[in-house]
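The chain contents come next:
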Amino acid sequence: MYELLKKQGVLPLITKIDIKTAEIIMKSASETGIKIIEYAARSSSAKEVFGQMVAYKKANNLDLKLCVGSILSSDDAQLYHNLGADCIICPHTDPEIGAYCLSNNIYWIPGAATLNEVLFANKLGAEIVKLFPADKIGGVEYVKAIKAPFPNLKLMPTGGVTLEENNLKAWFKAGVVCVGIGSNLFSKETLAQLTFEKSCTVFEELITIAEKYRK
């Protein structure tokens, strides 16, 4: 999973969508070469939608990994793992979630804000740590500061990441493994009128920009 995220450079995040929109996004992601996306389980229908997403992925033999984000408890981690999640992502670091994921061989990306939290997550077995909310805790300069004494940290900033050159290029230059991007990729307006063609265009542009700016 680490190599997949590192190669892709950007983890697209979607949330609060119906299954029709999810199917468009998954099909277009697979069509354009996106290998991994995150579905944030933030709505009352999240369990149902994700179960349908997994069924659609299997029925269409899509070469696509599905991460589930916004996981807040080990019970939720188990639930989504059983539904077919390939990776569990959290906004925080919870030892119980980490223990469940590691014992069940499911990739775990916990969230952290401080250096101590990042190091604690690493001690619990996390390879990549999500910096959240990245823009509110110091942004690019914060990444540079904590990687100075710990250059081997594998970080995924999420929150405030955009597709603008000065933003995306700065994150990669600071040494992050990849970045998480949600509303700045698929806005509410875009999702409300999403077509397969439009979604393909979004992903194609994302791939082009990521490859350009992470060099």
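None of the values given here were measured: they were computed from a predicted structure.

Quick word on the pattern of salt bridges
Part 1 of the argument: Applying the stated criterion across every chain, the model contains 3 salt bridges.
Part 2 of the argument: The shortest N-O distance in the salt bridge between Lys35 and Asp63 comes to 2.8 Å. Note that Lys35 is positioned in the loop between α2 (19-32) and β2 (36-40) and Asp63 in the loop between α3 (46-59) and β3 (65-69), a separation of 28 residues in sequence.
Part 3 of the argument: Classification of Lys35 as partly exposed rests on a relative accessible area of 33%.
Part 4 of the argument: When the shortest N-O distance is used, the salt bridge between Asp86 and Lys57 registers 3.2 Å. Taken as a pair, Asp86 in the loop between α4 (74-83) and β4 (87-89) and Lys57 in helix α3 lie far apart in primary sequence, 29 residues in all.

Section: unusual backbone geometry
Part 1 of the argument: A cis amide bond links Phe132 to the next residue, Pro133, at an omega of -10°.
Part 2 of the argument: Take Pro133: it is sitting in the loop between β7 (129-131) and α7 (139-147).
Part 3 of the argument: Phi is positive for Lys16, close to 50°, though the residue is something other than glycine.
Part 4 of the argument: Note that Lys16 resides in the loop between β1 (10-15) and α2.
Part 5 of the argument: Even without being a glycine, Ser70 presents a positive backbone phi close to 60°.
Part 6 of the argument: Here Ser70 is to be found in the loop between β3 and α4.

Criteria and cut-off values
- Residues numbered from 1 in each chain as written.
- Predicted model: local features only at pLDDT ≥ 70, side-chain atom pairs only at ≥ 80, totals over all residues.
- Heavy atoms only, no water.
- Salt bridge = Lys/Arg side-chain N within 4 Å of Asp/Glu carboxyl O.
- Helix = DSSP H or I, 4+ residues; strand = E, 2+ residues; numbered from the N terminus.
- Buried < 20%, exposed > 50% of the residue type's maximum accessible area, 1.4 Å probe, protein only.

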